[in-house]
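# Breakdown of the fold
Listed below are the residues making up each chain.
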Amino acid sequence: MTLNKAFVLCLAAVSLVAAGSIRHEQQYEHQQQQHFDHDSLMRQKKIFDLLWYVEQGSIVDADYYEIGRQYDIVANIDHYHHNASIHNDAIIIRMKNNKIFYFLKIVQEVVTDFIDYYRNGMLTKDDIFSYYHPEHRDQMMALYRLFYYARDFVTFYQTAAWARIHMNPGMFVTAFSTAVIYRPDTQHIRLPAIYELYPNVFFDSRVIREAQRVAMTRGHEYQQQHHAGEEHEPMKQQHWSGPGFETFHLFSNYSQGWPMCMSPGYYHGRDEHDLGYFTHDIGLNAYYYYFRMMYPFWLSSRDTQTSLPKWIRGELYYHVHQQLMARYHLERIGHDLPDIEHDFQAGMPGFYGQYTFHTGVAMPRRDWWNVVPYYKQRYYEQLRHIDSRIEEAIDSGFVVDEHGNRYGLSGPDGLNVLANLIEGNRDSINAGYYGSYDALFRHTFGQHYEGGDEHDYVPSSLHYFATSMKDPAFYRMYGKIVDLFLRYKSRLPRYTRPELEFPGVKVESVELSEEQLTTYFDAQDYLINNAVNAPSMKDGQSFHIKAWQHHLNYKPFDYKLAVNSDKSTKAVVRFFLGPAVDDYAHLLRHFQYFYMLDEFEVDLAAGPNKIVRNCHDFFFVSEDPEPYEVFLQRIGVAADAGGEELKLERRVHGFPARLLLPKGRPEGMPFRLFVHVAPVLGEPVRYTSRVFGDSLMDSRPLGYPLDRPVSEPDFHGPNFYFKDVLIYHQQEHDKTVHY
């Protein structure tokens, strides 16, 4: 089986009955839930407490404070070794090779290396951290290794408590979060949502300023006010008292006043600013953050023993970005916007995001008339050279490793090798020669400020996973990167008819439960307490400040799939949504804009089969995680009950369910559904992700059968089905939404 061409299959298989239509409970629901005992509950609470009010410094009444203040890393150097952080099979291998003592020496060097960094001076608490700055990243990795190699949870927590007091908050959160994701003894621990940790990069400075005023006055000046928006919309503030706390609600718009995004030559237009409801969506940006943190470019698959699958890492990097670009394209065509420029030599759209760092420094903006400044010309030249080298590798069919050996890209792991090379992650075959195309693009067009050393550095929106998708340059960047992959894909053999067909299986029809698919705007609130300072943990938990804003949503629907089979067999159903295509020639030009809605495995019975699938069952999407205060309350109740009552889904994050459908138009906008039914290929392999849950994988590529350019004659098979649909946008709430 070719693992690097794995395809994610839904664990929750759909059951069906021949000649009938029955929706069944998910067969593997118990595999997607985690039961917490009392010790796990206490660990979970400790993790949350460490991250709460993380940017304001130490809170002396917090449980971690005295522990961290008294802890001595050097005195406990023998507490950092393999027991908690390396699987038993890895220990046995090292012992068989008589290398156990060498390993222990390496772990002790991890501690001494960190101490050397710390004594020679690391980032201060007032410095602005970015993992795209090499020196920042080196310091963060030294701290991460300290966390990762702690021998047990007690040592890990004590080390984290010490670092919470002494280290730069951005560095601490990144190293600590990475360690929580990859340590086996924290594999079921949930991290607070990133927008709750860093509300200042999810909500503009006006909302943050208002939250700080509310915290200082505790509601004495909490009255309706006006933003300087287009329609002078009131803040719509609300205030009430709950059991032991007060709650204040602030209205937040995607933008108010000056447009956040404008293109060169489009000074008076709105252009990409019209897409703010999508690009600035809280859940979408959080999804991208967690995806990149799940596979951070600063980690090698050799650095951990869990959760970092080398055999699919690069392919996931390509597939997720390709799907994001496809989903973005569906919003663009709904606004009659032209195709985006994929040439990095063209000017980048302006970006005027009104976000601030914890120090009060504003995130740099990029003017609509921008050019690459003189101090970034070295990045620009490097980008041109790397671009040329990657194109040459694709066209020639091989890359050169760090020893000068040729490595072919036509093999089963070619895509994985190419993607690791483009991202420039630690598994790149030759980072010295090919660099990091991804990072260079961000450095060139991010408009960040570089001073004389690591302390004098102001990152841009492109230098953070959580803010990258807000910037329209992100889509220029990944448009170009996806083009490189499509160039590679175009040189692979196209699928033949036998590779696409499913003999004896025919899709008879696809029906939707709703006569029309409908989208609309509704509201949701988010806890932003971390945007303010609290004199104590007790006081900080006595009030809630929430920002609420409108976001795109849709009316739920089912789809009913009628499939006829001449035998009992297993099958995989893949369900795509793309632009309305007039003919197969149009499909040939636009296959990369079809976005995968769903994928699941079914057992087909001989004869007619009716499959009913609800939109809430779609595997690739998920609802927002529970808010901080709700989750902590559940932990408290479960702890009082001995821990047996708390059940948590192992899958914490996914693509936002509310963004499943593009906005559409009030009069209806045509799109096309594409359904493909294929046999299961290979023996499924289970893959467990700390963030995105469990999945089964077969040996087909991600995105199959639209992962390669299509051949028109071969897309007429009986196991293919196209259906035209209209998506209507309901406008009742739009008058309160500015974007």
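Here, every reference points to the structure presented above.
Read on for an overview of the structure. Note that the structure is predicted; figures quoted are calculated from it, not measured.

The geometry of helix 5 (residues 134-148) relative to helix 7 (residues 169-182) is characterised by a closest axis approach of 9 Å and an angle of 40 degrees between their N-to-C directions. Of the possible angle classes, the one that applies to helix 5 and helix 7 is oblique. Our pair here, helix 5 against helix 7, has a crossing hand that is right-handed. Touching His136, Gln139, Met140, Leu143, Tyr144, Phe147 and Tyr148 of helix 5 are Met171, Phe172, Thr174, Ala175, Phe176, Thr178, Ala179 and Tyr182, all from helix 7. In terms of residue class, the contact of helix 5 with helix 7 is built from eleven nonpolar, four polar and no charged.

For the rest of this paragraph, the subject is the sheet that holds strand 17 (residues 607-614). On the basis of which strands lie adjacent, the open sheet formed by three strands has the order 11-14-17 and antiparallel pairing. Every interior strand has two partners, whereas the edge strands, strand 11 (505-512) and strand 17, have only one. With strand direction ignored, the average angle separating the axes of adjacent strands in the sheet is 20 degrees. Where strand 14 (residues 558-565) meets strand 17, eight bridges bridge the pair, whose relative direction is antiparallel. When the sheet's bridge partners are listed, Val563 is paired in strand 17 with Asn609.

Our focus in this paragraph is unusual backbone geometry. The omega torsion across Tyr704 and Pro705 is 0 degrees, close enough to zero to call that bond cis. Following the sequence through the fold, Pro705 ends up in the loop between strand 23 (693-698) and strand 24 (720-729). Residue Gln447 is not a glycine yet carries a positive backbone phi of 60 degrees. If you trace the backbone, Gln447 turns up in the loop between helix 16 (437-445) and strand 9 (449-450).

Before going further, it helps to spend a moment on helix 22 (residues 628-640). The end-to-end C-alpha distance of helix 22, which contains 13 residues, comes to 19 Å, matching closely the 18 Å that a straight helix rising 1.5 Å per residue would cover. Buried within helix 22 are the following residues: Tyr628, Glu629, Phe631, Leu632, Ile635, Ala638 and Ala639.

Taken across its twelve residues, strand 13 (residues 543-554) has twelve buried, putting it largely inside the fold. By the bridge criterion, nine bridges tie strand 12 (residues 517-527) to strand 13 in an arrangement that is antiparallel. Pairing of Tyr526 across the sheet is with Ala547, part of strand 13.

So, on to the environment of Gly717. One can find Gly717 in the loop between strand 23 and strand 24. Owing to a relative accessible area of 6%, Gly717 belongs among the buried residues under this scheme. In this structure, the C-alpha to C-alpha distance between Gly717 and Arg497, residues 220 residues apart in sequence, is 8.0 Å.

Turning next to the packing of aromatic side chains. Tallying each qualifying case throughout the model produces 57 aromatic pairs. Here Phe48 and Phe631 contribute two aromatic rings whose centre-to-centre distance is 5.2 Å and whose plane-to-plane angle is 45 degrees, an arrangement assigned as tilted. Within this pair, whereas Phe48 is found in helix 1 (residues 38-51), its partner Phe631 is found in helix 22, the two being separated by 583 residues in sequence. By the burial criterion, Phe48 is buried, and Phe631 matches it. With a centroid separation of 6.0 Å and 75 degrees between ring planes, the pair formed by Trp52 and Tyr53 is classed as edge-to-face. Through a chain of ring-to-ring contacts, three or more aromatic side chains come together here, namely Phe129, Tyr131, Tyr132, Phe297, Trp298, Phe357, Tyr464 and Phe465. Across the ring face of Tyr379, the terminal group of Arg378 is positioned such that the distance to the ring centre comes to 4.4 Å. In this structure, Arg389 packs its charged tip against the face of Tyr433, placed 4.3 Å from the ring centre.

In the contact formed by helix 6 (residues 153-166) and helix 7, the axes pass within 11 Å of each other and the chain directions differ by 165 degrees. In terms of orientation, helix 6 and helix 7 fall into the roughly antiparallel class. At the point where helix 6 passes helix 7, the crossing takes the left-handed sense. Contacts between helix 6 and helix 7 involve Phe156, Ala160, Ala163 and Arg164 from the former and Phe172, Phe176, Ala179 and Val180 from the latter. Split into classes, the residues belonging to the contact of helix 6 with helix 7 amount to seven nonpolar, no polar and one charged.

Conventions and cut-offs
The residue numbers shown here count from 1 along each chain, following its written sequence. The model is predicted, so local features are restricted to residues of pLDDT at least 70 and side-chain atom pairs to those at 80 or more, both for listing and for counting; the totals for chains, interfaces and linings are taken over all residues. With hydrogens and water excluded, all non-hydrogen atoms of the structure serve as input to the side-chain values. The angle between two axes is taken between their N-to-C directions and runs from 0 to 180 degrees, where each axis is a line fitted to C-alpha atoms and a helix contributes only its stretch in contact. Numbering of helices and strands starts at the N terminus; helices are DSSP runs of H or I of at least 4 residues and strands are runs of E of at least 2. Put simply, angles under 35 degrees are roughly parallel, angles over 145 are roughly antiparallel, angles from 65 to 115 are roughly perpendicular, and the rest are oblique. The sense of a crossing depends on the near helix, which, turned anticlockwise from the far helix by less than a right angle, makes the crossing left-handed and, turned clockwise, makes it right-handed. A contact between two residues is defined here by any heavy atoms of the two lying within 4.5 Å. Gly is put with the polar residues, along with every residue not named as nonpolar or charged; the nonpolar set is Ala, Val, Leu, Ile, Met, Phe, Trp, Tyr, Cys and Pro, and the charged set is Asp, Glu, Lys and Arg. At least two DSSP bridges between two strands are needed for those strands to be called paired. Expected span of a helix, by definition, is 1.5 Å for each gap between consecutive residues, and there is one gap fewer than residues. Think of it in three bands: with a 1.4 Å probe and only protein chains considered, a residue is buried below 20% of the maximum accessible area for its type, exposed above 50%, and partly exposed in between. Each Phe, Tyr or Trp ring, with Trp reduced to its six-membered ring, pairs with another whose centre is within 6.5 Å; inter-plane angles below 30 degrees give stacked pairs, above 60 give edge-to-face pairs, and intermediate values give tilted ones. Lysine and arginine charges are scored as sitting over a ring when NZ or CZ, respectively, is within 6 Å of the ring centre and within 35 degrees of the ring normal.

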